[in-house]
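In case you want the letters, here they are:
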Amino acid sequence: MKQQPPKFLLNLFNWFCHPEIKRYVEGDLIEIFQHYVKTKGVKVAYWKLTIEIIKLLRPSLMKSLEGSLRLNYYGVFKNHVQASMRNLRKQAAFSTINMLGLAISMSVAILMLIFHSELSAFDDFHQHRDRIFRVTSTQVGGAHSMEINRATASFFIGNELKSKVSGVEEVAILIDDLQADLVASGKGISVDGFYGTPDFFRVFSFALKHGNPMTALNEPNAVVLTEQAAKKLFGEEDPMGQVIEVFKNEFIEKAIVRGVVEDPPVNSHLRFDAIFSLSTLEEHVTDPYVKNLKSNPGELSDANVYVLLATDQPPRMIDQIMAQMIDGYNQTIEHPITHQLQPMESFVFSDTFRGIVGPTFSQRRSWVMMGLALIIVLSACFNYTNLSLARAIRRTKEIGIRKVNGASSPQVFTMFMTEAVILSMFALGVGFCLFLWLRPEFLKLSIDWSSGHNMFLLEVKNHHLLLFLGLALTIGFLSGIVPAFFHAKINAYSLFRDASKLKMYSGVSLRNVLIATQFAISIGLITTAILIRNQYEFVLNYDHGYNPTNILSVIVEGDYIDILENGCQQLPEITEISKSSWVLGVGGDNLKISIAKNEDLSQSTPFLVNSVDRNYLQMHDITMIEGRSFDRDLGPNEQPKEIIVNESFLKKLNLGSPQEAIGKQIGYYKRKLTIIGVTEETVSIGLTKMLFEPFAFLQTSDHSNYTSLNLKIETSDLVGTISKIEKIYNPLDIVHPFNASFYNDMIVRSYQSRKSEFLTISFLAFLAVVISTLGLLGMAVFSAENRIKEISIRKILGAGSLDLGVLLSRNFFIMTVIAGLIAVPGAIYIADTHLLVDFWKRAPIGTEETLIGFFLVLIIGIITTGRIIQQVISKNPIHYLRDE
């Protein structure tokens, strides 16, 4: 049976289409719908049919309305459109001001609509997206006994769900800690990916270009490459069955290509170059680590467990079953574990989870952005409402004549609403052009927000056109409803008796409220942007506890760091060299967290540890409070016996003062380490990422732990020196491109998302100021024109220019002060409690930062109104009063 089009769409078509052509066109529409059902699916067919019906809304295809009641409606509507167009042309200046304000706000609204549309469509290419869930884990832990949410679960719970729960159709387990260098056909590439179970392609809908999805990951040492990875390795050669040599991976030496999969799309939370079969890892089950990983319900940090539920299986029931599965284990530990199923549509908002894979986006940030866009839209609507109310008196005679000729209040209401909607439609066209201009810049910022992932395209799709149309209608409605109500309720008698006595609203003037609100929005956004900028500058200039000047970090991904060090020592521009496992102040992939215990093992604390050589502390000018630095390098296979810690480390283990701690021993991996030095507090991994305050430096004899070769450079030719280092590096690593950055640049990049946040809010503040300035300009022109006779009389009676200037600008000044009193405290509160809440060191807030926004809006207002006032005051009063 063929799929039939939705009845409401056909009814809509039958309602407006001319009877003589209806049956022919309706047949074509049904054929088009069924063609798209067959080729693209039902969802696409719905949208295509909707668009085709909208395209038929043309006068030549519509019913004739002559001689019917509907003709009256059509005629009235046509009259409203003509009157609106005439009035918009007649009031060209005000219309332009209103349209520009609405267009600016619509460009932001369009941007946010597409942005959130793509966020909500993340992972929507999976056929069973509504039935795919991830098993998450919650447990109390960390430095402050906080509740920790992980996107990972235990291997144990995944196997239990697969083997014992009937409502779970498939279970895919991914181990995401896979980085390797692949070499084949004389070419090498570095890949990131997963170890995956054979169910991977039964849970997810990644399309295999070559290979069998049912068996591709069954065998040990099987690998599925993405199209891009396969092309880099094999070119045009068939990759299937080819043997690949694997380096930098302790479990695999060779792998066989069993499949080629399409590259993951940009809206996929799983990003990978290769997937190795999990059975490859299981071959090493004798390894204690792997054995513990598979059987221990408390091993939560490595396995990503995805389940595909049966159609009628409630997720909550699975949560209860998982609680029963680990109940026995929970009774043996201090902090019980709980597992929950997380639906796939929320994966993209999992930025607060630990162990997350792929790109995420902060839901808090998305709501803040939507809120700011809404503020901009409302500001533009206020502009329109304000100017329309101000012009009301000028249109009283027109309204009066219409009412005397029989126009009802609903018809007057409809006329003004039509005018607002038409203007909104014009603004939509201009706003869309502005969106196209903004789009590339916003895409750059979004990469910073999503930790370097490219997860947005901001493409305009067919269904977005309906959203844009709805947006224009909504903004037109919001803008025009107050002026429409005002004009509709005016009594015709009062219009002709004395229109100047019309009162818009009793009590506080609505126009004053709208003006103050616009100014408050502008001042608030400017103040917020300044506070974020102030914090950004603060963290860049913060004393990190070491000197990063002129230190170049070369990232090393192999066992050649000593050879590279020897080569660099030959360069006279390099004055000092050291090695470390990660970059201080930034962190990195090799960040290590360990557990330390005091000497009698009665207390323990997690701490960050950086493996360094004996030159490290001296080269970075790290201040020692007490004790000494490392005085020699460890020999081959020699275990470290000394450790250097910070003051927080001492406090956590109650080791006393720095002087008292020197010489004491701590427990570390069943060994004893002697504290030989205590350093001042240093910023370990940034001012927003404090995982643990205790921090320590430790030596290592395994040089594969070093991933950063740190070079102190003293030269005026930095480019030439870096080029020399690259020439030494390139023959040592044919897989990984040369990757080197100065410490200061890395620190700046680590706060790039904050800079993007500042730029976004600054841009929105700029738009808010532009919109409110446009409104202020319109109000100043209108007020000056309306009060020209009053000003002329005052001038004849002896009023000076200063008195007249104060008279005309007094209201503006009062409104700005009221707006500042509301906006500045509000901006400080929002920045303090929401936008800067994750900084553990805050920049002080001074009077200067809080008042810049207020004075900026005041100055812009004075310049805007001052020019109009000056023009009015300079005119000859006789010219306006000679006919009075």
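Residues numbered from 1 in each chain as written. Predicted model: local features only at pLDDT ≥ 70, side-chain atom pairs only at ≥ 80, totals over all residues. Heavy atoms only, no water.

1. Section: the overall build of the protein chain
Thought 1: The secondary structure content of the protein chain amounts to 29 helices and 22 strands.
Thought 2: When contacts within the protein chain are restricted to residue pairs at least 6 apart in sequence, long-range pairs at least 24 apart make up 79% of them.
Thought 3: For the protein chain, the computed accessible surface area is about 42,400 Å², with 56% contributed by carbon and sulfur atoms. (Helix = DSSP H or I, 4+ residues; strand = E, 2+ residues; numbered from the N terminus. Contact = heavy atoms within 4.5 Å. Areas by Shrake-Rupley, 256 points an atom, 1.4 Å probe, with all protein chains shown as cover.)

2. Describing the side chain of R134
Thought 1: Here R134 lies in strand β1 (residues 132-141).
Thought 2: With sequence-adjacent residues up to four places away left out, R134 is seen in contact with A151, H269, V305, Y306, Q340, L341, Q342, F347, S350, I356 and V357.

3. With respect to helix α16 (residues 462-489)
Thought 1: In this model α16 runs 41 Å from its N-terminal to its C-terminal C-alpha over 28 residues, within 8% of the 40 Å that 1.5 Å per residue would give.
Thought 2: At G480, α16 is bent by approximately 45°, the largest bend along its length, and proline P483 sits one to four residues beyond. (Expected span 1.5 Å × (residues − 1). Bend = angle between axes of the 7 residues up to and from the residue.)

4. Thoughts on the pairing of strand β6 (residues 222-226)
Thought 1: Taking burial as the measure, the five residues of β6 include five buried ones, the bulk of the element.
Thought 2: Side chains of β6 alternate between two faces, with A222, V224 and T226 and V223 and L225 buried alike.
Thought 3: Examined bridge by bridge, β6 and strand β8 (residues 254-261) share five bridges and lie parallel to one another. Residue pairing across strands places V223 opposite V257, the latter belonging to β8.
Thought 4: Relative to strand β9 (residues 274-277), β6 is paired through three bridges, and the arrangement is antiparallel. For L225, the partnering residue across the bridge sits in β9 and is A274. (Buried < 20%, exposed > 50% of the residue type's maximum accessible area, 1.4 Å probe, protein only. Pairing = 2+ DSSP bridges.)

5. Here's the deal with the packing of helix α1 (residues 7-16) against helix α2 (residues 19-39)
Thought 1: Taken N-terminus to C-terminus, the directions of α1 and α2 make an angle of 155°; their axes are 11 Å apart at the nearest point. For the element pair α1 / α2, the angle class is roughly antiparallel. Taken as a pair, α1 and α2 cross one another with a handedness that is right-handed. Taking contact as the criterion, the partners of L10, F13 and N14 in α1 are, on α2, K22, V25, E26 and L29.
Thought 2: Class assignment of the residues belonging to the contact of α1 with α2 gives a composition of four nonpolar, one polar and two charged. (Axes fitted to C-alpha atoms, helices over the stretch in contact; angles between N-to-C directions. Parallel < 35°, antiparallel > 145°, perpendicular 65-115°, else oblique. Left-handed = near helix turned anticlockwise from the far one by under 90°. Nonpolar A, V, L, I, M, F, W, Y, C, P; charged D, E, K, R; others polar.)

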